[in-house]
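# Summary of the model geometry
As a plain string of letters, each chain reads:
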Amino acid sequence: MSEPRKLEVLRAIVEDYVHSREPVGSKALVERHHLGVSSATIRNDMAVLEEEGLIAAPHTSAGRIPTDKGYRLFVDRISQVKPLSAAERRAIHSLLEGPDDVDDILERTVRLLSQLTNQVAVVQYPHSNRALVRHVEFVLLAPKQVLVVLIADTGSVGQKVIDAGSDVSNEALMLLRSRFLGSIAATQMALLPQVLPSVVALCPPELRSLAQTLAQGLQSLSDTSREERILMAGTANLARSNVDFPLSIGPVLEALEEQVVMLRLLSDMGDDPRGVTVSIGRENPYDGLAEASVVATGYGSGAKVGILGPTRMDYPTTMAAVRAVARYLSRILGG
């Protein structure tokens, strides 16, 4: 069998199985695809694909389904990620344009991606080691209570209510806000622990205790902003795919609950020349995801966005959706 026909038969099997969820037989392939050869020839071709470990027979079925190795060859032969339809591009544009708060943008992103792909969507928060301080605000909530707000240039907003220990005036807060903002605006979040003590030292002696308390609040917010976090949406899509996880859906749900597992998985996924990386079945380092595939790509300053679903997925469409959403994200977040 020639290499082009082998790939053509494999592509037909993958497409039919993804569409129907039913094992694919030679008769169905001849009827549905213009392969230009007889059913007997296709049967021989399928025997070769089976010998090479690219397809397998589930149970005693007359049909065949792709293996992880078959999906891998199929994905590797997708030379170009197909563009999304105009309607899909408009949907992404209308849903992601507008808000400038990073939490809102990322929540919209995972919801949209899960709807476009019918899979679980995952997005890693932007890496904030390189994030800069955009704004600082101190708001008097009660005589001894101050709301400390730290806004990064990535759009992330951190808030923390602190106890000042004694009564605070609005005038004192305005003065200190001016001092802090003048000193730390455009400073890297990661450098705040080194910069804040010198800001406190330059404050008027009578306000230094309050300044120290406010600085601790700002440092706490900057530490929190640098913690790696992910957002997810569409877990219910897995329940609808229960039949695609013959062993158990439990380990997949556990992996999703363990943010550390998902963060490590996303971080370890390399870069693909097509801009989208695919990890299929047992290629995933975590045993619980042996029946799942992950499609992901980077956005902004290196954070990842992607989806997780069964190995039986529409790879071309999913890869296109992940890439398109990542490009919009990069543009909106200025990364």
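Let me sum up the structure you'll find in this document. (Residues numbered from 1 in each chain as written. Predicted model: local features only at pLDDT ≥ 70, side-chain atom pairs only at ≥ 80, totals over all residues. Heavy atoms only, no water.)

### A word on the environment of Leu214
- Assignment of secondary structure puts Leu214 in helix 9 (residues 208–225).
- For Leu214, a relative accessible area of 0% gives the class buried.
- The spatial distance from the C-alpha of Leu214 to the C-alpha of Arg177 is 9.4 Å, given a sequence separation of 37 residues. (Helix = DSSP H or I, 4+ residues; strand = E, 2+ residues; numbered from the N terminus. Buried < 20%, exposed > 50% of the residue type's maximum accessible area, 1.4 Å probe, protein only.)

### Structural notes on unusual backbone geometry
- A positive phi angle is found at Arg21, which is not glycine, with a value near 65°.
- If you trace the backbone, Arg21 turns up in the loop between helix 1 (3–20) and helix 2 (26–32).
- One non-glycine residue, Ala186, lies in positive phi territory at about 70°.
- Note on placement: Ala186 falls in the loop between helix 7 (170–184) and helix 8 (192–201).

### Thoughts on the sheet that holds strand 5 (residues 145–152)
- In space, the three strands of this open sheet follow the order 4-5-6, with antiparallel pairing throughout. Since the sheet does not close on itself, it has two edges, and those belong to strand 4 (133–142) and strand 6 (157–163), each with one partner. The sheet shows a mean angle of 20° between the axes of neighbouring strands, direction not considered.
- Along the sheet, helix 7 contacts strand 4 and strand 5; its crossing angle with strand 4, the most-contacted strand, is approximately 165°. (Pairing = 2+ DSSP bridges. Axes fitted to C-alpha atoms, helices over the stretch in contact; angles between N-to-C directions. Contact = heavy atoms within 4.5 Å.)

### Concerning the pairing of strand 8 (residues 277–280)
- Of the two faces of strand 8, both are covered, the one formed by Thr277 and Ser279 as well as the one formed by Val278 and Ile280.
- Bridging between strand 8 and strand 9 (residues 292–299) involves four bridges; their strand directions are antiparallel. Bridging from a neighbouring strand, Val278 pairs with Val295 of strand 9.

### Regarding helix 4 (residues 68–76)
- Residues Gly70, Tyr71, Arg72, Leu73, Phe74 and Val75 constitute the buried set of helix 4.
- Elements that come into contact with the buried residues of helix 4 comprise helix 1, strand 2 (65–66), strand 8 and helix 13 (315–333).

### Quick look at the packing of helix 7 against helix 9
- Two elements in contact, helix 7 and helix 9, have axes separated by 11 Å at closest approach and are oriented at 50°. Judged by the angle between their axes, helix 7 and helix 9 are oblique. Considering only the axes of helix 7 and helix 9, their crossing is right-handed. Contact residues: Ala172, Leu173, Leu176, Phe180 and Ile184 in helix 7; Leu210, Ala211, Leu214, Ala215 and Leu218 in helix 9.
- In the contact of helix 7 with helix 9, the residues fall into ten nonpolar, no polar and no charged. (Parallel < 35°, antiparallel > 145°, perpendicular 65-115°, else oblique. Left-handed = near helix turned anticlockwise from the far one by under 90°. Nonpolar A, V, L, I, M, F, W, Y, C, P; charged D, E, K, R; others polar.)

### Overview of the sheet that holds strand 9
- Spatial ordering of the open sheet is given by 7-3-10-9-8, a layout of five strands whose pairing is antiparallel. With partners counted over all chains shown, the strands left at the sheet margins are strand 7 (230–233) and strand 8, one partner each. Along the sheet, successive strands turn relative to each other by an average axial angle of 20°, direction set aside.
- Running over the sheet, helix 12 (residues 259–268) touches strand 3 (120–124), strand 7, strand 9 and strand 10 (303–310) and is turned about 75° from strand 3.

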